[in-house]
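# Geometric and topological summary
Here are the chains, one letter per residue:
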There are 2 protein chains.
Amino acid sequence: MAGTNRRFVFAFNEGDKDHKDLLGGKGAGLAEMTNLGLPVPPGFTIATGACRRYLTDGNMPPELADEIDAHLARLEAERGKRLGSAVDPMLVSVRSGAKFSMPGMMETILDIGLNDDSVDGLAAAAGSERFAWDSYRRLIQMFGSTVLGIDAARFGAALDAAERSSGAAGDVDLDAAALRGVVAVYKAIIRDATGREFPQDPREQLDMAIRAVFESWNTERARVYRRQERIPHNLGTAVNVMAMVYGNLGPDSGTGVAFTRDPATGAPGVYGDYLSEAQGEDVVAGIRTPVPLQDLERLDPGSLAELRRIMALLEDHYRDLCDVEFTIERGKLWMLQTRIGKRTAAAAFRMAIQFLDDGLIDVKEALGRVTGDQLAQLMFPQFDPQFEAKPIATGVPASPGAAVGVAVFDSASAADTEGKTILVRRETSPDDLPGIIAADGVLTSRGGKTSHAAVVARGMGKTCVVGADGLEIDAEQRQFTAPGGVVVREGDTISIDGTSGCVYAGAIDVVPSPVVEYFEGRLDAEQRRRDPVVQAVSRMMIYADERRRLGVHANADTPDDAKRARRFRADGIGLCRTEHMFLGERRHHVEELILAESAEEQDKVLAELLPMQLGDFVGILAEMDGLPVTIRLIDPPLHEFLPDLTELSVKVALAEARGEVDLGDVRLLRAVRRLHEQNPMLGLRGVRLGLVVPGLVAMQVHAIAEAAAARIRAGDDPRPEIMVPLIGGTEEFELMREEIERVLHDVSEASGIDIRAKIGTMIELPRAALTAGRIAEHAEFFSFGTNDLTQTTWGFSRDDVEGSFFPAYLEKGIFAASPFESLDEEGVGRLVAIAVEEGRAAREDLLIGVCGEHGGDPSSVRFFDRIGLDYVSCSPFRVPIARLEAGRAAVLKPTAEGDTR
Amino acid sequence: MAGTNRRFVFAFNEGDKDHKDLLGGKGAGLAEMTNLGLPVPPGFTIATGACRRYLTDGNMPPELADEIDAHLARLEAERGKRLGSAVDPMLVSVRSGAKFSMPGMMETILDIGLNDDSVDGLAAAAGSERFAWDSYRRLIQMFGSTVLGIDAARFGAALDAAERSSGAAGDVDLDAAALRGVVAVYKAIIRDATGREFPQDPREQLDMAIRAVFESWNTERARVYRRQERIPHNLGTAVNVMAMVYGNLGPDSGTGVAFTRDPATGAPGVYGDYLSEAQGEDVVAGIRTPVPLQDLERLDPGSLAELRRIMALLEDHYRDLCDVEFTIERGKLWMLQTRIGKRTAAAAFRMAIQFLDDGLIDVKEALGRVTGDQLAQLMFPQFDPQFEAKPIATGVPASPGAAVGVAVFDSASAADTEGKTILVRRETSPDDLPGIIAADGVLTSRGGKTSHAAVVARGMGKTCVVGADGLEIDAEQRQFTAPGGVVVREGDTISIDGTSGCVYAGAIDVVPSPVVEYFEGRLDAEQRRRDPVVQAVSRMMIYADERRRLGVHANADTPDDAKRARRFRADGIGLCRTEHMFLGERRHHVEELILAESAEEQDKVLAELLPMQLGDFVGILAEMDGLPVTIRLIDPPLHEFLPDLTELSVKVALAEARGEVDLGDVRLLRAVRRLHEQNPMLGLRGVRLGLVVPGLVAMQVHAIAEAAAARIRAGDDPRPEIMVPLIGGTEEFELMREEIERVLHDVSEASGIDIRAKIGTMIELPRAALTAGRIAEHAEFFSFGTNDLTQTTWGFSRDDVEGSFFPAYLEKGIFAASPFESLDEEGVGRLVAIAVEEGRAAREDLLIGVCGEHGGDPSSVRFFDRIGLDYVSCSPFRVPIARLEAGRAAVLKPTAEGDTR
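Chain A is annotated in an unreviewed UniProt entry as Pyruvate, phosphate dikinase of Glycomyces buryatensis. Its UniProt record gives chain A a comment under Sequence similarities (unreviewed entry), which states: "Belongs to the PEP-utilizing enzyme family." Under the UniProt heading Cofactor (unreviewed entry), the entry covering chain A gives this text: "Mg(2+)".

Structure, rendered in structure tokens:
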């Protein structure tokens, strides 16, 4: 395609599937099918450059009209018909087609070229007046709503009125006369709304449609979508102009969509829907119910055979699941569109293995066909597949999982109700936060994936279905009505599926994910063989593990966590938080430590804590024999171990008002007030605690060293690593390192065992990242705490913002994803990259990992691999996801968009 | 000095004042004086490299002994005496001398070379047995305490005992026999403490002394000091070995210190102290009271004339105030040390102008002689100089100013006492915070400049004197006793001077600083001429303004502030905070805005606020006609306008307990709970508020635009600039910019006046700095909010940490200065530099300033000049300081230490 920059219009046979930048996705697919010799109606694509010029200049590029004329002339010659002719006219469709498909853009206008004259010519040529007038009313309806921007409901109402007055059951029952009447009403609507007549010149119709496609690139919805998906605003869209073929030419005509295999399960065999006597949009619009594709066997076996042949050819050609749109015009099959088909997570894994085993793709490509996100979906508990139930409603699946509980309609009920609850709200606001926290699942009738409910529930890992807009929720009456008329009252049990978006009345059994059962080692060989998804997942994990460079560690605070980490094949423990060890029944020791009024009292409490900590560490080191265990010194502010200031203040005030003063409470309140911080996240915590509370760090290191000595005595190979949290610069680290080394040395001397532990630090403050070179001179390892690093780099704390302004930020596209879920590569990632580069420059063998929650996030894992980290660490359940993504990262090159999806 | 790297020892005539790296400060001064032909006793300097080798290897460099021997032989030849000889022995002194003087290092040992034999030789040669034994006991005392590390008090006690038993009034009254007895006791102390005899070999004495100097480089106190002052640990110290001359040879001998002019006022004329019959350390130790230097006129006019000649020569030579140490040995003057002398702020300004007018220095050098910190000291209110009062105690001046109030001894009294108070504590802890906040000044008897009281008071700008260790504070009895016996009881008035550290009983009149009176334009020509300090300051300001590149704007929120900014010669307003405009009587409007339950109610409140905001802006723009006024849109979280959660919770709970429920309070509490954030600093504020509270930004921009239109109608040239706070990335800014432009456009249309305003943003989050290149594509200016940027880069908030761990961090040298006072160049400064570089790369004419408090901090101003900012903005009172520093920055090159002090 030499000289492609010099013209705007290309015939379908001039491009191929790799020209999406130029031709858009739809245009590239049409070109590919044309070149394969498939029956594609002739047409041409106006390339994206024309759109860019139009948007920059505000006018059509002057040379475009001539190019379009030339291509139209070619089409007319090929079809032997003329656009808008009063005798057997040629009609065309106009479809937008950007590189990425995008909601909010104008989609399709069919039947361009019809006017008051050519409608008769079409009728004569087709031998059907009804067909011609049906096509004309379709043109005016689509043109009116999409090109002229008139509310589509006005046309819908007019059609309904016509159906009612002629006693028709649907649009197919309207005869030519009725449709002629509809056209007259439609024209009046256009005249009324725009003050102009419906344009009769076919060329003007075409130009206006092309212009409308160009302008739809900049609708608010399209802009927001591009911001959310980080699609550049300057790509522009292509426009596909195609000679019409007609699925509404009678019972031997129709239109359909098909997949080369089942996109839900990945099972082999063509799969799709067909609607006779219809044009393309009717299937999608759902105004009539299509029949399964298999029914074509009865209606038109020849076309079905041809379709099957084409589908097989396309799948072989694309080496992937394809979906297509087709039309049959009086027994002749036409292909209108093809693309790589969307699929469920289960189908993705199954098909990747099928294509691999069929020799169509190699392991590398198979790894490219599945994602960590899909594996994550397969790991949620799910409704028992044996259970037969029909959803009473469907919404947007916003946060995966399967939740069962009684319906509650406000926060107070969610908190007060015993047992599991599903919070049902029209939409949620920050006021509903307590309810979301208390409930087991959230169901709303409004909002999309960036709504408040969706964002908050996802942040908390709660099952959530939003935008189930068939539900009529009556919070006053504490009930909702589903589309089929089912009424659910407060206290009734419902079940919601956050992966499919389905809502069920009653309780459905929840079963553990077979994939998790497999990872946990609870499936025998027969069970594994019987489940094709488990089989596919297990094989993909082997391929990923063989190829990955990145280590995958687990975050684990207890021996039980450590056990699971080993089962899930973690390469070590990347974060063992010690503060959890001070909760529960040991909390009062910390309280004593804080209330201690002398150094002696403090030392006494620390001495009591020592054997407990020792026990914790012995247990974890025993489970992880031979693997590294990175232990973080105590991190959170001390007041977290004390009661809440407001609650205790109220308690003491009420007691005083009653004349009953509890001196213990008063003393406690004094301590809480003393330790109270305006912004505890930015207060006395982490290494700062270690530097101002004497003996605390020494006690912890002492326990670690004694635990290591005990395991060495038992013949094990314990590998503790000691990690200092929240440093801002090397000075803090050096002082801590001195103290840690002193204690290690003392315990080695006392025990006669040479205890070694790497000493390193979290990098979780911007300043630590910016001064990493100097820190690395003294630290043996870095572990990025990307949760805190995100908080300080952006200046917001997860606790405070996820329920407040995050939904608005996601909605407006300020974030593509919550930066707490996927690492913000531009900001936080830049700090990480600086620290990696400057840390390694200062110490070549510096070990670098990440232990924030991003360690288990697929796209973040790929980023960490790219910038050269040694390992990621994440919760045990996300270890397989990180292993898979680490394998994918090793074999897949980032695309131009910096992504490997 | 070719080949200086190949040897360690240099005679005094081999170096000069520019060899401080090699010879240390003291050695360089001795070399300079020797080369000037001044009477310096002969000697040599062991260069810093020897110390570095010693500290690295743990041993003296082997070649060092030979070099020392050679130089000792030269000394012996020059003096015609031999070290340790039993006949007329040569003695030497050993003094440390690093490049920077440093507390905690070993200072001086005199009289090395004396032993049981040579003491008699010295007696014979000097003709004074008493002198010889006095020198011997001095040697053993200094050697014992500094080289052998024996508690100095043991020697002091033995001397006291000898004085008592012989009825002597002081050490000069002890005769030879008594001193011989003291030597015997001293030797026994050494034997007892070390198990060894006092070394009799003079060469061993010398080696041990040199080694002790080397080792004192690494005392904990020296290490902390270096960390605090950011002096590298690897410099090492030099050692100066000098032939002894004797100030204790009788009434015609003595020792003294002198300044070339008065270091307190800068008045011309030699100034100093003299002590006869004494060796060097006696003056500093203060065991006897020295006499003013003028008294030498009577005692030894010849030596005084010679000293005056030398002082004049030194001042001409160094072209600066010098101080010296000298000794007179039987009428012969010897110079032992010289260096550039310390001075008060007033003296610095006066002397810079004097030297300039004398033609000794040029304007550039004069600017180098004064600092913004000194100017700041001159701007505090001060005690009336006419007032005659003697301090009852003196402490460390920790936070400047003059405070008068009644003494209180705990936080509760500070809070409860009407009128002004001075909080008096032994030391303070976080528990005393409320007291420090309530008091007008703080006085402690313990701690230094990094103590809790000092750090917190400085952070709050309160006058503070710490470590007044003469005070006996009895908090139980609520009183303190001053050294002279004065008792101050709770309720008695005291006065403290945070610039001098003096404490006075009773109230002393506080008068405004004459320098501020001058800046405020309240001095007439005669008053200006009469005050040499005001005169000096005013001339230096002219020189600075002529030379500075950096603009200096003021932070001002009200027309009054703006007026002062103009008087103080600000080039504009760099930060006009609009949130202050919502306090006071308008607070209830904000409360209504928050409590509004519909968009209509919100719009109504916003409409009420509009005219008030309009009035604010009209006033400020009128004051600043023709100069830029940068207005920041509302920044703080909304809950700041509501009552405190804990207080309101207690109030409502108590009311409920009494059965009296105030529905308004209950509603308010609900709102406070809803808006309550764990970490408000990291919550819903700044641009986030603007993006989620509809109409708020539009109202503010509307008011700004209307105000500008009003001023244009009045014939003015208003220059508003609109600043968006707290953005994390370009997406937020672009959305705000669209809204701001829309409102400006609408008001322009409606008013018929073309209203223009630059639209820019704060850079106050790490992420904004890291993505500044993209932001600059849309922003016309940047203003660094270095307070917030420091908080997030370090991950601590000023409110929470200054009183908690900052004192420990300053004490341990983790910080050299609070990063909220002086910009942390390594971390925060790096982000600023990144943003400047990448912002300018994206937009060449990007205007860049800073409006955090660092904008008025001298060392930060120099940094901002260096990296190319266009202006700094600070509180009006700091505008002159910033102007001076900006002028200095323009003419002074940073030294190797990156500093221009």
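On the side of chain A, 57 residues touch chain B, which itself brings 57 residues to the contact. Together chain B and chain A conceal approximately 5000 Å² of surface at their shared face, both sides included; 60% is due to carbon and sulfur atoms. There are eight salt bridges connecting chain B and chain A. A salt bridge links Arg774(B) to Glu826(A); the nearest nitrogen and oxygen atoms lie 2.6 Å apart. By residue class, the composition of the side of chain B that touches chain A is 25 nonpolar, 15 polar and 17 charged.

Glancing now at the sheet that holds strand β6 (residues 108-112) of chain B. Residues and elements named next belong to chain B. Here we have five strands laid out as an open sheet, ordered β1-β2-β7-β5-β6, and antiparallel in their pairing. Every interior strand has two partners, whereas the edge strands, β1 (9-11) and β6, have only one. Each strand of the sheet is rotated relative to its neighbour by a mean of 20°, with strand direction disregarded. Where strand β2 (residues 43-46) meets strand β7 (residues 237-243), four bridges bridge the pair, whose relative direction is antiparallel. Each residue of the ladder has a partner; that of Ile46, found in β7, is Val239. Of the strands in this sheet, β1, β2, β5 (92-98) and β7 touch helix α3 (residues 64-79), which is tilted by about 165° from β2.

With an RMSD of 0.1 Å, the operation that places chain B on chain A is a rotation of 180° combined with a shift of 0.0 Å along the axis. Each copy turns onto its partner about a two-fold axis. Of the residues that chain B buries at the interface, 100% are likewise interface residues in chain A, meaning the two copies contact each other through the same surface.

The next point concerns the environment of Val404(B). Residue and element names in this part refer to chain B. Residue placement: Val404 occurs in strand β16 (residues 402-408). Linking Val404 and Val213, residues 191 residues apart in sequence, is a C-alpha distance of 45 Å. With sequence-adjacent residues up to four places away left out, Val404 is seen in contact with Phe383, Lys420, Ile422, Thr493, Ile494, Ser495, Ala507, Ile508 and Val510.

The domains assigned to chain A are domain 1 (4-243), domain 2 (254-340), domain 3 (381-512), domain 4 (548-636 + 685-891) and domain 5 (639-684). On a C-alpha basis, the centres of domain 1 of chain A and domain 5 of chain A stand 70 Å from each other.

Once that is clear, we can look at the packing of aromatic side chains. Summed over all chains, the structure comprises 49 aromatic pairs over all chains. Taken together, a centroid distance of 5.5 Å and an interplanar angle of 85° make the contact between Phe143(A) and Phe198(A) edge-to-face. One end of the pair, Phe143(A), is in helix α5 (residues 129-147); the other, Phe198(A), is in the loop between α7 (176-194) and α8 (202-216), with 55 residues separating them in the sequence. For the ring pair Phe409(B) and Phe480(B), a centre distance of 6.4 Å and an interplane angle of 55° mean the geometry is tilted.

All names here are of chain B. Sheet architecture is open: three strands sit in the order β20-β21-β22, paired in antiparallel fashion. The open sheet has two free edges, formed respectively by β20 (472-474) and β22 (487-489), since each of these has just one partner strand. Here the strands of the sheet are splayed against their neighbours by 15° on average, with no regard to which way each runs. Note that β20 and strand β21 (residues 479-481) share three bridges and pair antiparallel. Across the sheet, the residue bridging to Ile473 is Phe480, located in β21.

Glancing now at a negative patch on the surface. Together, Glu592(A), Glu600(A), Glu601(A) and Asp603(A) make up a region of like negative charge exposed at the surface. The residue Glu601(A) is located in helix α24 (residues 599-623) in this model.

One finds Leu375(A), Met540(A), Phe784(A), Leu375(B) and Met540(B) to be the most contacted residues of the largest nonpolar core, which totals 293 residues. The residues touching Met540(B), leaving out its near neighbours within four places in the chain, are Phe349(B), Ala352(B), Ile353(B), Ala366(B), Leu367(B), Val370(B) and Leu884(B).

It is worth spelling out helix α21 (residues 532-547) of chain A at this point. In an α-helix, one turn spans 3.6 residues; hence positions three or four apart end up facing the same way. All names here are of chain A. With 16 residues, α21 should reach 22 Å at 1.5 Å per residue; the first-to-last C-alpha distance of 23 Å fits that figure. Where the residues of α21 are buried, they touch α13 (345-357), α14 (363-368), α15 (372-378), α19 (514-519), α20 (525-530) and α37 (879-891). The opening residue of α21 is Asp531, an N-cap whose side-chain oxygen sits 2.9 Å from the backbone nitrogen of Val533.

Scoring rules and cut-offs
Residues numbered from 1 in each chain as written. Chains lettered and ligands numbered in written order. Predicted model: local features only at pLDDT ≥ 70, side-chain atom pairs only at ≥ 80, totals over all residues. Heavy atoms only, no water. UniProt positions renumbered as here; feature names shortened; annotations may be inferred. Contact = heavy atoms within 4.5 Å. Buried area = accessible area lost by both parts, 1.4 Å probe. Salt bridge = Lys/Arg side-chain N within 4 Å of Asp/Glu carboxyl O. Nonpolar A, V, L, I, M, F, W, Y, C, P; charged D, E, K, R; others polar. Pairing = 2+ DSSP bridges. Helix = DSSP H or I, 4+ residues; strand = E, 2+ residues; numbered from the N terminus. Axes fitted to C-alpha atoms, helices over the stretch in contact; angles between N-to-C directions. Least-squares fit on C-alpha atoms with pLDDT ≥ 70 in both. Domains from an automatic or database assignment. Phe/Tyr/Trp six-rings, centres within 6.5 Å; stacked < 30°, edge-to-face > 60°. Patch = residues over 30% accessible without salt bridge, like charges linked within 9 Å, V, L, I, M, F, W, Y side chains within 5 Å. Areas by Shrake-Rupley, 256 points an atom, 1.4 Å probe, with all protein chains shown as cover. Lys, Arg positive; Asp, Glu negative; His and termini not counted. Charge placed at Lys NZ, Arg CZ, Asp CG, Glu CD. Core = buried A, V, L, I, M, F, W, Y, C linked by side-chain atoms within 4.5 Å. Buried < 20%, exposed > 50% of the residue type's maximum accessible area, 1.4 Å probe, protein only. Expected span 1.5 Å × (residues − 1). Polar contact = N/O pair within 3.5 Å; in protein donor to acceptor, adjacent residues only side chain to side chain.

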